[in-house]
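# Per-entry structural report
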Amino acid sequence: MNNPVAVVLAGGEGKRFWPIQTSKSMVHFLGSPLLVHNLKRLKKTGITDVIVVMHPKDKEAFSTLTVPGLSIRTVVQPEPNGMAGAVLVAASLIAGKPCFIMNAEDLVEERLYKELASSLAEDSVVSVGRKVTEYFPGSYFVFDGKRVIGVIEKPGQGNEPSDITGLVFDYFPDSNRYIELLRTTKSDDDDIYEKAFNELLRDGNAKILTYDGYWYPTKYPWHILDIMNELLNTISEFRGKNIEIKSNVVIEGPVHIGDSVKVFENTKIVGPCYIGDNTIIGNNNIIRQSHIGAGCVTGFNTDITRSYIGDNCWFHSNYVGDSVIEGDVSMGSGTVCANLRLDRGEIASIVGENRINTRRTKLGALIGKNVRIGVNTSIMPGVKIGRDSMIGAGLVVDHDIPNDSKKLL
Amino acid sequence: MNNPVAVVLAGGEGKRFWPIQTSKSMVHFLGSPLLVHNLKRLKKTGITDVIVVMHPKDKEAFSTLTVPGLSIRTVVQPEPNGMAGAVLVAASLIAGKPCFIMNAEDLVEERLYKELASSLAEDSVVSVGRKVTEYFPGSYFVFDGKRVIGVIEKPGQGNEPSDITGLVFDYFPDSNRYIELLRTTKSDDDDIYEKAFNELLRDGNAKILTYDGYWYPTKYPWHILDIMNELLNTISEFRGKNIEIKSNVVIEGPVHIGDSVKVFENTKIVGPCYIGDNTIIGNNNIIRQSHIGAGCVTGFNTDITRSYIGDNCWFHSNYVGDSVIEGDVSMGSGTVCANLRLDRGEIASIVGENRINTRRTKLGALIGKNVRIGVNTSIMPGVKIGRDSMIGAGLVVDHDIPNDSKKLL
Amino acid sequence: MNNPVAVVLAGGEGKRFWPIQTSKSMVHFLGSPLLVHNLKRLKKTGITDVIVVMHPKDKEAFSTLTVPGLSIRTVVQPEPNGMAGAVLVAASLIAGKPCFIMNAEDLVEERLYKELASSLAEDSVVSVGRKVTEYFPGSYFVFDGKRVIGVIEKPGQGNEPSDITGLVFDYFPDSNRYIELLRTTKSDDDDIYEKAFNELLRDGNAKILTYDGYWYPTKYPWHILDIMNELLNTISEFRGKNIEIKSNVVIEGPVHIGDSVKVFENTKIVGPCYIGDNTIIGNNNIIRQSHIGAGCVTGFNTDITRSYIGDNCWFHSNYVGDSVIEGDVSMGSGTVCANLRLDRGEIASIVGENRINTRRTKLGALIGKNVRIGVNTSIMPGVKIGRDSMIGAGLVVDHDIPNDSKKLL
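Cut-offs and rules
- Residues numbered from 1 in each chain as written.
- Chains lettered and ligands numbered in written order.
- Predicted model: local features only at pLDDT ≥ 70, side-chain atom pairs only at ≥ 80, totals over all residues.
- Heavy atoms only, no water.
- Helix = DSSP H or I, 4+ residues; strand = E, 2+ residues; numbered from the N terminus.
- Rg over C-alpha atoms; globule rule 2.2 N^0.38 Å.
- Buried < 20%, exposed > 50% of the residue type's maximum accessible area, 1.4 Å probe, protein only.
- Contact = heavy atoms within 4.5 Å.
- Lys, Arg positive; Asp, Glu negative; His and termini not counted.
- Charge placed at Lys NZ, Arg CZ, Asp CG, Glu CD.
- Buried area = accessible area lost by both parts, 1.4 Å probe.
- Salt bridge = Lys/Arg side-chain N within 4 Å of Asp/Glu carboxyl O.
- Polar contact = N/O pair within 3.5 Å; in protein donor to acceptor, adjacent residues only side chain to side chain.
- Phe/Tyr/Trp six-rings, centres within 6.5 Å; stacked < 30°, edge-to-face > 60°.
- Lys NZ or Arg CZ within 6 Å of the ring centre and 35° of its normal.
- Nonpolar A, V, L, I, M, F, W, Y, C, P; charged D, E, K, R; others polar.
- Pairing = 2+ DSSP bridges.
- Least-squares fit on C-alpha atoms with pLDDT ≥ 70 in both.

It is worth spelling out the overall build of chain A at this point. Counting its regular elements, chain A contains eight helices and 39 strands. The C-alpha radius of gyration computed for chain A amounts to 23 Å, which stays within 12% of the reference 22 Å derived for 409 residues, consistent with globular compactness. When the backbone C-alpha atoms are referred to their principal axes, chain A occupies close to 65 × 45 × 35 Å. Residues counted as buried form 60% of the 409 residues belonging to chain A. Put simply, of all contacts in chain A between residues at least 6 apart along the chain, 48% involve residues at least 24 apart. Across chain A, the 44 positively charged side chains and the 48 negatively charged ones have centroids separated by 3 Å.

Spelled out as structure tokens, the structure:
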């Protein structure tokens, strides 16, 4: 039997991910895109032949994509036509070989990949399920006794055929039949992938591997914080070249300090933390459980706590708590990202036309790229600010700000 | 002659004490209610038999009231019927014994109690007077030569019979006659206590002990700061069990650090200061001449100066100067209690329908229990905020806020 | 030949210098007025006989004016009648002697004075020119070949007779003729000085010394920052008497610390910096490349960067960047002088009826004397605040504030 090929789906659209406009799998953590973190984990399955399906906008970014030990080819998914469409653009590359489909935009534990390693040599379809305790709008497996015989996409609360949902770690020994099914299945909804999969499962020859570790999707922008937390938990103490740590700096727990980083006096860094190359952490700061990209300057007296900061951000006497800042953002002195409701309740966020409960009682701001914010401004919990915007001084920003805004008064 | 019984008046109503709703004598300082501080001082008179007259709401709080060396009984004053009413609810317990009446809500120097010790063995009425240099709305003694022959309540400015006011440290060797007078005296005003006292003084057999030490009443909420200052002056260096003091913490002058307190890096504490049990003083703070209760968290970069903070308060990058915060209060990052008028003038406060000059040029906020304040809000000097309120972000609060308010814009 | 007399022009009006109302030459740097710095430099010419022409309001300030090695006389220019008027009030004192005219309100390098030393013994008129690369509204020399034959005031862009402008360092061996010309020249504009000078230059016997070092005028208030920078560059490490430097203070680069200065814990001072006598630098500050006058208090957690602060200013948790504060100013906690536009553009300032491009991308506030500013207020880049004003709390000040203002809401 041939070695399997992995098809890594990385071309999602991500409308609900706004104001973050970087492709979900291209959000950088610890210096690498999420995609690379996932590819490294994929290696634990033993697969070495990888096809990454990407969004057209990422062509340039993907051109330099390498992971030692993997042979990676990239294909563009020209239209946003779902998972089935994504697999089909890779069809010619997997024809005749077993294939393993996975989503590059979620994060699961490395051990799941290890557990999959033995299954991927088998002759049966293999998929990964996860037990849920409340309704989740995904796909559910259908069982006949212990045998899996189908999968249904978003059955609706109360109509779940089981309490096992699918995570899109799907192995098909016979790619040809699978691709044929993807090509011939018709649907008005975005569920061709599941319908085709359902056909295959009817044979009754599939195996469901149940997984109870963490599983973090990147549906909404605040999900970046969950991914960040897990990846921060993997870092170990690191000190780059040419760093400068001034007097009376306290560093506790595992902290990655990139090349040419400077940390000024009277600052405390509480790990796990990641500080990207060339970043300057100013005097009298506190930085806790956060990810700070490359080329940032935190200025005097800044507090960054449990936050994701991309590259090239400038701060000065700010409090940034439980926030996501994509990159190229500056904040004036005294500006605060509030991260708690006064009533301590769960923080909601408007996504499209829906009010989504983030299930978080602590959530700060979610800010796209290239945003400038004035001094002494207060950004309310869960507020999203679109890219290329300017926000004035002394404001209370209590609702989302679209891309390309000027809100000065 | 029998040993005297002390009747400690602790059941006052305290409308002018708003937004503080703890009974005046139950405001805690250094871990004990003001009442206990006063009872400890009372011991210097040699009295051991004490009756505390309390407000109905304090029944539970008073149930655990003990002071080593004192035999304490409590009685409830069911109605707000003044000092005379308060003494009368204790009447059956003092009948036939000399009695010493004192107010639990004021603070005087310990030496006054010592000086009283010898007088309380005598057969004459003894009271304590205090020389005033300007009109004070209290009771004034009337003298015939050097002999005191009466007392008049609130004579009005210009009508003072002397410059000696009474402080309610009153000793009556014959409780029975005194109680009889309290029972039979009638008045439309709240001055039965003084009218009955006046009757007794007519005998001309009374002694006035003049006292020139400090005397702090707790009429208005800002008076808590005066009491705090005096009690802070009594503390000595103390370090509780299980404390954690991080590096580069400077502690100057006498500071009481309660059990399980943590003080984080780069913080300075300038005594006299009291830090209650389990409180966390964050990084890069300055805490000066203040009282911070138990279970508080001061967060990063907070300045608390000459302020009274009750239990369970949360701060983060705040300036709290010359302020009184009853307890269970949180402030968002960047919120400031301004403590100086721009013109450096004396700060006024509206109490009921009156504009009261606090006589203070430095006075911050006065905040009741269970108040949540957002980020970057500015509270003007002398502003009072009622309990169970929420105050939004980025506001300038320049007038009092009633209990149970939501002021978000 | 007689020794020359210097006529130092220090009596300018300075309307465009608002909100700074100290005479330009009397703005203090490093403990001395700009005038004294210039007189010390003047000594390098060898001149010892000096006449300072002053504004009537400076009579008292000038009464104590001494510079070792110089014989200084002062005369008042009673009316604002320009440079010609200024020289004429000194006419009787310079009659019969060579005279050297210079402006006390500009700053040039010491080496220019040294270079002038040899020229001032000569028999010809000597003046200093400076090559410009774009139009500057000053006086331009007219050349015939290499010989200077005239000077024209503000020729207008495109009409410049040369690219050499005059700096008002002018030497006249024959004062009598020069004064006669000043007396007899008529003009409707403020250019009598230049017209008379032009007459003298017609002789063709003058020498122009070209100078390519720095030249800083004090036309607009932000020019104080340029002067400050140059003078800060001249200071060397100095520690006054009776200073107190607490633990964990970091001082880098040349810093002048005046007598009785205190610097509190966890503060960093990055030179070149000047800290005047009796000033208190509080805890957890950062002070960079700034001039702080005498008797100031910076309070807790203040950041003063590239700013000029006069005497007796009070701060508390402020950010003051690229700002000029004349003196006797206080700022409430959390108040910020923003020093960058959101679009990073050059900052403009309205002067009279003109919008002046300051050519600075970093410029904070420009504040006159005796101004009180509340807490959490944001002052926008380039805003000017007139003396004797009060600015309330929580405001965004985005336009100039006249003298004697009360802006509380």
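Now that the structure has been shown, the text picks up again.
Moving on, we get to the interface of chain A and chain B. Between chain A and chain B, the residue contacts involve 26 residues of the former and 25 residues of the latter. Carbon and sulfur atoms supply 54% of the area that chain A and chain B bury against each other, a total of about 1,600 Å² over both sides. Inspection of the region where chain A meets chain B yields two salt bridges. For Lys268 of chain A, the salt bridge is made with Glu265 of chain B, and the minimal N-O distance between the two is 2.9 Å. There are nine residue pairs in polar contact (both at pLDDT 80 or more) connecting chain A and chain B. Secondary structure elements with two or more residues in the side of chain A that touches chain B: strand S17 (250-252) and strand S23 (286-288) of chain A.

Moving on, we get to the packing of aromatic side chains. In the structure shown here, the tally under the stated rule is 36 aromatic pairs over all chains. Their ring planes at 85 degrees and their centres at 5.7 Å tell us that Tyr113 of chain B and Phe169 of chain B sit as a pair that is edge-to-face. Taken together, the residues Tyr113 of chain B in helix H5 (residues 110-119) and Phe169 of chain B in strand S12 (residues 169-172) connect sequence positions 56 residues apart. Classification of Tyr113 of chain B by relative accessible area gives buried; the value is 0%. Its relative accessible area of 1% is what places Phe169 of chain B among the buried residues. Arranged with centres 6.3 Å apart and planes meeting at 85 degrees, the rings of Tyr178 of chain C and Tyr193 of chain C form a pair that is edge-to-face. Separated by 15 residues along the polypeptide, Tyr178 of chain C in helix H6 (residues 175-184) and Tyr193 of chain C in helix H7 (residues 192-202) bring together distant segments of the chain. Here the two residues Tyr178 of chain C and Tyr193 of chain C agree in accessibility, since each one is buried. Cluster of aromatic residues (ring-pair linked, three or more members): Phe141, Phe172, Tyr178, Tyr193 and Phe197 of chain A. The positively charged end of Lys24 of chain A is found above the aromatic ring belonging to Phe17 of chain A, 5.8 Å away from the centroid.

Here we take up the interface of chain A and chain C. In this assembly, 25 residues from chain A lie in contact with 25 residues from chain C. Roughly 1,600 Å² is buried in total at the junction of chain A and chain C, and carbon and sulfur atoms are behind 54% of that figure. At the junction of chain A and chain C, the tally comes to two salt bridges. Here Lys246 of chain A makes a salt bridge to Glu252 of chain C, at a shortest N to O gap of 3.6 Å. When residues of the side of chain A that touches chain C are traced back to their parent elements, those giving at least two are strand S34 (371-373) and strand S37 (390-391) of chain A. The class makeup of the residues in the side of chain A that touches chain C is nine nonpolar, 13 polar and three charged.

A word on the sheet that holds strand S25 (residues 303-305) of chain B. Residue and element names in this part refer to chain B. Pairing is parallel in the open sheet, where eight strands are placed in the order S17-S20-S23-S25-S27-S30-S35-S38. The open sheet is flanked by strand S17 (250-252) and strand S38 (396-397), the only strands paired with a single partner. Alignment of strand S30 (residues 336-337) against strand S35 (residues 378-379), held across two bridges, turns out to be parallel. Within the sheet, the bridge partner assigned to Cys337 lies in S35 and is Ile379.

Take chain A, turn it by 120 degrees, move it 0.0 Å along the axis, and it overlays chain B with an RMSD of 0.1 Å. On the angle and the small slide along the axis, the relation comes out as a three-fold axis. Little of the interface of chain A is mirrored in chain B, where only 19% of its interface residues again form contacts.

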